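# Structural description and commentary
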Amino acid sequence: MKEECGVAGIILPGDRPQSNSVAFKLYYALYALQHRGQESTGIMVYDGTSPHSIKGMGLVPDVYNKDSLGRLIGNIGVGHVRYSTTGGSKIENCQPFVLNFKGGTVAIAHNGNLVNAKTLKDELECEGRIFISDSDTEVIGHLLVKELIRHGPVESIRNVMRKLVGSFSLVIHIDGNLYAVRDPFGFKPLCFGEVDGGYGIFSESVAIDTLNGTLIRDVRPGEVMVFTGDGFESHQVGCEPHPAHCVFEFIYFARPDSVIDGKLVYKVRENIGRELAREHQVDADIVSPVPDSGITSAIGYARESGIKYLEGLMKNRYIGRTFILPGQELRETAVRLKMNAIHDNVKGKRVVLVDDSIVRGTTSRRIIDMVRRSGASEVHARVGSPAIIAPCYLGIDMATRQELIASYKTIKEVESLINADSLGYLSIDGLMRALECDKNDMCIGCLTGEYPVEIPGENCRRKQMRLDDFNNSEDSRIAPGNS
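The shown structure was predicted, so the numbers you read here are calculated from the model rather than taken from an experiment. (Residues numbered from 1 in each chain as written. Predicted model: local features only at pLDDT ≥ 70, side-chain atom pairs only at ≥ 80, totals over all residues. Heavy atoms only, no water.)

## Some remarks on the sheet that holds strand S9 (residues 177–182)
The line we're drawing: Pairing between two strands requires that DSSP report at least two bridges joining them. Counting from the N terminus, the helices are DSSP H or I runs at least four residues long and the strands are E runs at least two residues long. All axes are obtained by fitting lines to C-alpha atoms, using only the stretch in contact for helices, and the reported angles, taken between N-to-C directions, cover 0 to 180 degrees. In what follows, a contact means two residues having at least one pair of non-hydrogen atoms within 4.5 Å.
Strand order across the open sheet formed by 6 strands is S6-S7-S8-S9-S13-S14, with antiparallel pairing between neighbours. Each of the sheet's edge strands pairs with one partner strand only, and the pair in question is strand S6 (97–101) and strand S14 (232–236). Neighbour-to-neighbour, the strand axes of the sheet open up by a mean angle of 20°, direction not taken into account. Inspection of the sheet shows S9 paired to strand S13 (residues 223–227) by 4 bridges, in the antiparallel sense. Its bridge partner lying in S13, Tyr179 is registered against Val226. The sheet strands contacting helix H5 (residues 136–148) are S6, strand S7 (104–114) and strand S8 (166–174), and the helix crosses S7 at an angle near 140°.

## Thoughts on the packing of aromatic side chains
How two aromatic rings sit relative to each other is given by the distance of their centres and the angle of their planes. The condition is simple: Here a Phe, Tyr or Trp ring, Trp counted by its six-membered ring, pairs with any other such ring whose centre lies within 6.5 Å, and the pair is stacked when the planes are under 30 degrees apart, edge-to-face when over 60, and tilted otherwise. Classification of residues uses two cut-offs on accessible area relative to the type maximum, computed with a 1.4 Å probe and protein chains only: under 20% is buried, over 50% is exposed, and between them is partly exposed. Sitting over a ring, as applied to charges here, requires NZ of Lys or CZ of Arg to be within 6 Å of the ring centre and within 35 degrees of the ring normal.
The full count for this structure, using the stated rule, is 12 aromatic pairs. On the basis of an interplanar angle of 65° and a centroid distance of 5.4 Å, the ring pair of Phe192 and Phe227 is categorised as edge-to-face. Pair noted here: Phe192 is in strand S10 (residues 191–195) and Phe227 is in strand S13, with a separation of 35 residues, a long-range link. A residue is classified by how much of its surface remains accessible, and Phe192, at 0% relative accessible area, is buried. Look at Phe227 and you get buried, because its relative accessible area is 0%. With 6.5 Å between their ring centres and 55° between their planes, Phe248 and Phe253 make a pair best called tilted. Here Phe248 matches Phe253 in class, with each residue buried. An aromatic cluster is built from Tyr27, Tyr28, Tyr31 and Tyr64, whose rings are joined through pairwise contacts. One cation-aromatic arrangement involves Lys55 over Phe97; the distance from NZ or CZ to the ring centre is 5.4 Å. The positively charged end of Lys121 is found above the aromatic ring belonging to Phe131, 5.1 Å away from the centroid.

## Concerning the nonpolar core
Test applied: Only buried Ala, Val, Leu, Ile, Met, Phe, Trp, Tyr and Cys residues count toward a nonpolar core, and they belong to the same one when joined by side-chain atoms within 4.5 Å.
In this structure, Val247, Phe248 and Leu431 are the most contacted members of the largest nonpolar core, which totals 47 residues. Going through the elements one at a time, helix H8 (247–253), helix H9 (265–279), helix H10 (295–305), strand S22 (350–355), helix H15 (428–435), strand S26 (442–443) and helix H16 (445–448) are the ones with two or more residues in this core. At 6 residues, the largest contribution of residues to this core is made by H8. Among residues more than four places away in sequence, those in contact with Leu431 are Val247, Ile251, Ile272, Pro386, Leu426 and Leu447. The next biggest cluster of nonpolar side chains, apart from the first, holds 30 residues, and it includes Ala117, Ile140, Val154 and Ile172.

## Structural notes on H9
To be explicit about the condition: Under the convention used throughout, the expected extent of a helix is 1.5 Å for every residue step, that is, one less than its residue count.
With 15 residues, H9 should cover 21 Å at 1.5 Å per step; its first-to-last C-alpha distance of 21 Å lies within 8% of that length. Burial in H9 covers these residues: Val265, Val268, Arg269, Glu270, Asn271, Ile272, Gly273, Glu275, Leu276 and Ala277.

## Focus on the pairing of strand S11 (residues 198–202)
On any regular strand, side chains alternate: one points to one face of the sheet, the next to the other face. Counted residue by residue, S11 has 5 buried out of 5 residues, so it is predominantly covered. Of the two faces of S11, both are covered, the one formed by Gly198, Gly200 and Phe202 as well as the one formed by Tyr199 and Ile201. Of the strand pairs in this sheet, S10 and S11 are connected by 5 bridges, and their pairing is antiparallel. Residue pairing in the sheet places Cys191 in a bridge with Phe202 of S11. Here S10 hands over to S11 after 2 residues, with Asp196 in that stretch at a positive phi of 50°.

## A short note on the environment of Arg82
Following the sequence through the fold, Arg82 ends up in strand S5 (residues 76–82). Separated by 29 residues in sequence, Arg82 and Asn111 have C-alpha atoms that sit 8.5 Å apart.

## A look at the sheet that holds strand S3 (residues 40–46)
Read across the open sheet, the 7 strands follow the order S4-S3-S5-S2-S11-S10-S12; overall the sheet is antiparallel. At either margin of the open sheet sits one strand with a lone partner, and together these are strand S4 (51–57) and strand S12 (214–218). Between one strand axis and the next, the sheet turns through 15° on average, direction left out of account. Note: S3 against S5, 7 bridges, orientation antiparallel. Bridging across to S5, Gly42 finds its partner in His80. Along the sheet face, helix H1 (residues 21–32) touches strand S2 (5–11), S3, S5, S10 and S11 and points at about 155° away from the line of S3.

## Details of the pattern of salt bridges
We apply this condition: One side-chain nitrogen of Lys or Arg within 4 Å of one carboxyl oxygen of Asp or Glu is enough to make a salt bridge.
The tally for this structure, following the rule as stated, stands at 27 salt bridges. Here Arg274 makes a salt bridge to Glu270, at a shortest N to O gap of 3.4 Å. Here Arg274 pairs with Glu270, and both are found in helix H9, just 4 residues apart, close to one helical turn. For Arg274, a relative accessible area of 22% corresponds to the partly exposed category. The exposure class assigned to Glu270 is buried, which follows from its relative accessible area of 8%.

## Quick look at the environment of Glu123
Along the chain, Glu123 turns up in helix H4 (residues 117–126). Note on Glu123: relative accessible area 46%, which makes it partly exposed. Remark: the alpha-carbon pair of Glu123 and Gly9, spanning 114 residues in sequence, is separated by 30 Å.

## Looking at H1
Over its 12 residues, H1 runs 17 Å from end to end, which matches the ideal 16 Å to within 8%, given 1.5 Å per residue. Here H1 lies mainly inside the structure; 9 of its 12 residues are buried. What H1 keeps buried is the set Ser21, Val22, Ala23, Lys25, Leu26, Tyr27, Ala29, Leu30 and Ala32.

## Some details on the packing of H4 against H5
Condition: Throughout this description, any angle smaller than 35 degrees is read as roughly parallel, any larger than 145 degrees as roughly antiparallel, any in the 65 to 115 degree range as roughly perpendicular, and the remainder as oblique. In this scheme the crossing of two helices becomes right-handed for a clockwise turn of the near helix relative to the far one and left-handed for an anticlockwise turn of less than a right angle. Classification used: nonpolar for Ala, Val, Leu, Ile, Met, Phe, Trp, Tyr, Cys and Pro, charged for Asp, Glu, Lys and Arg, polar for all others including Gly.
Orientation of H4 relative to H5, taken along the N-to-C sense of each, is 50°, at an axis distance of 10 Å. Looking at the two axes, H4 sits oblique to H5. Judged by the twist between their axes, the crossing of H4 over H5 is left-handed. Here Ala117, Leu120, Lys121 and Leu124 of H4 come into contact with H5, specifically with Asp136, Val139, His142 and Leu143. Looking at the contact of H4 with H5 residue by residue, the class counts come to 5 nonpolar, 1 polar and 2 charged.

Here it is, written out as structure tokens:
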């Protein structure tokens, strides 16, 4: 599985318009968010008159250098790291998208996925709009520019939000101000904090930590925030009784040191491990994680069960997620290149192997076989999420139902296929206990097959948001600089 992307935006006090510090701060912030997208990256900085951008395919340190960043002058900027779930892997889809129109300049960075992007794009093309990409972010850009010709920024954003179905956490630049926008369900994370006398908006709080800033809070579901050189204000334009935060941010995607919607991800994952130990006890000698995302849950499992924690696998951290080789033999080599068993730690041991999820089951089988070949007497698989039985339409690149092993096999059948002595998934109730929240406040569509928004051919657990939810909600404004 891969997350779609990470967004970043920074605005510094207006007395530093000739500084290039925004560009370098965005670079470090995107570096901290690299785990959210490794396909392409872009930075736009506004110098008070016009936007200047750097975009490229690949990782953050490969796209930017000191000289190129030094030429990006201005006190406001937007950045992005991307992995495609909508739109192909090509430079045209690299964000942020910059659109010039007769009223000014707009730059947009988007994390999420629109369910109705194709319908909206078809309508815009019938109006004569021309697209240079196949990303749903450009659809949002065209809708916004269309509104800005007639309305102010906040009203324009509100009108665009009415038309979007799906997940969207946005950082938008409009003529010298930054706007943070989160969909009314709050699917994808978005937070802001104080950075070097100004403000930064990011997908995760680790970017604020990297810049030695101070986290203020999360952007609320359905909130539009305006950041100027003098402060910020809030407009609550959405109205949903329950949010639908993505559970896989906590299970897998987010960095453990991030705070998302008031919860430290590390603590949630440790709680997941503890719940796993309570639900699926086993006699064993060691608890070992599948690195890296299984580490914190394995620590929790070991602490709760009293079984010794010991690493049985070592990950090669210089291999990216996109490392692919054709042919079965070469794929086996790729697995060994990414991960290797520590023979002395597992030989003759009954091993509890903790992983974050099982999708297709092929990788789990190869890892378990590797541990067995290193001499483990038993291998018990423990999974820090419930079984994934349905695809994601809201920003995760996940397999189809036909490829999701748990959608058509029993636990015993999966256990046999991955060659485990036993298999235990975390229950949905156990996951909610680890999160310390109600399942109605989380998006668990991939675990239940019931989604928070209407998706053609799928079950919806609640009605699609009505347009009057926006129309009937009054703006709540917060004085600049207060939360």
